[in-house]
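Coordinates in review
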Amino acid sequence: PQEWKFYYLDPSARGGVRELTVANREVTSNRTPLRGFSDLGSRTAINLSSLKIDSDRAFQIAEAQAVQRRIAFHWIDFSLKVAADGYPRWTLLLLDSMGVPLGSLEVSAETGAVVSPLNIQTLSPTTTTAPRQPVGGILGTLRDIGIGVGTTVSNIVLRTVGTGQEILTGERTIGPKDDSSNNE
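Residues numbered from 1 in each chain as written. Predicted model: local features only at pLDDT ≥ 70, side-chain atom pairs only at ≥ 80, totals over all residues. Heavy atoms only, no water.

**Re the overall build of the protein chain**
Quick note on the threshold: Starting at the N terminus, helices and strands are each numbered in turn, a helix being any DSSP run of H or I of at least four residues and a strand any DSSP run of E of at least two. Accessibility here uses a 1.4 Å probe with only protein chains present; expressed as a share of the type maximum, an area under 20% marks a residue as buried, one over 50% as exposed, and anything in between as partly exposed. Any two residues whose heavy atoms approach within 4.5 Å at even a single point are treated as in contact. In short, Shrake-Rupley with a 1.4 Å probe defines the accessible areas, and a residue's cover is counted only from the protein chains shown.
Of regular secondary structure, the protein chain possesses 2 helices and 7 strands. Ordered by position from the N terminus, the helices and strands of the protein chain form the series β-β-β-α-β-β-β-β-α. Buried positions account for 24% of the 184 residues belonging to the protein chain. Across the protein chain, every contact between residues at least 6 apart in sequence was considered, and the portion connecting residues at least 24 apart equals 29%. For the protein chain, the accessible area works out to roughly 12600 Å², and carbon and sulfur atoms hold 54% of it.

**Re the environment of Tyr7**
Here is the rule we go by: Polar contact is defined as a pair of N or O atoms within 3.5 Å, subject to the rule that within protein one atom must be able to donate a hydrogen and the other to accept it, and that residues adjacent in sequence are counted only when both atoms are side-chain atoms.
Checked against the element boundaries, Tyr7 lands in strand 1 (residues 4–9). For the pair formed by Tyr7 and Pro33, sequence separation is 26 residues and the distance between their alpha carbons is 9.5 Å. The contacts of Tyr7, once residues within four sequence positions are left out, are Val17, Arg18, Glu19, Phe37 and Leu40. Within the structure, Tyr7 has its side chain in polar contact with the side chain of Glu19 (distance 2.7 Å).

Now the structure itself:
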């Protein structure tokens, strides 16, 4: 990862927690978040000597799961914590180019075993069944046309990129398979 955030207990900090951001082996931010970390003091500290799986290996595992499920992602948000069972786990959140979550998985930081396989988010940018509030009149009609055009363009782009990938590499990991090759 290009950037790491470390959280640790600090009684002198306003919220009792300190957040350090590290990039290029230098501390780029040092702040005291006020919310979202009230349970940090009750969590078990990570035993660093038990960690056998680093972020590079966790990425490889996530990438293999994404290829298997035919999910194209742009980046991964890594999180390393001690789970409720007392063992350290990587939680990997796969994101698209707009930062929309596509899916997540958990990997044991000790063994590399997939504890929770890739769970695809139910709502992704290419999902057309998102619940929508009805809007009447011209605004509703224009919105529906815009959504339809956006979905069509997105599907065409994904299919075209996937077909190009399949021609160049012999394998498609982006977009739906082209059904026209099955009709010959």
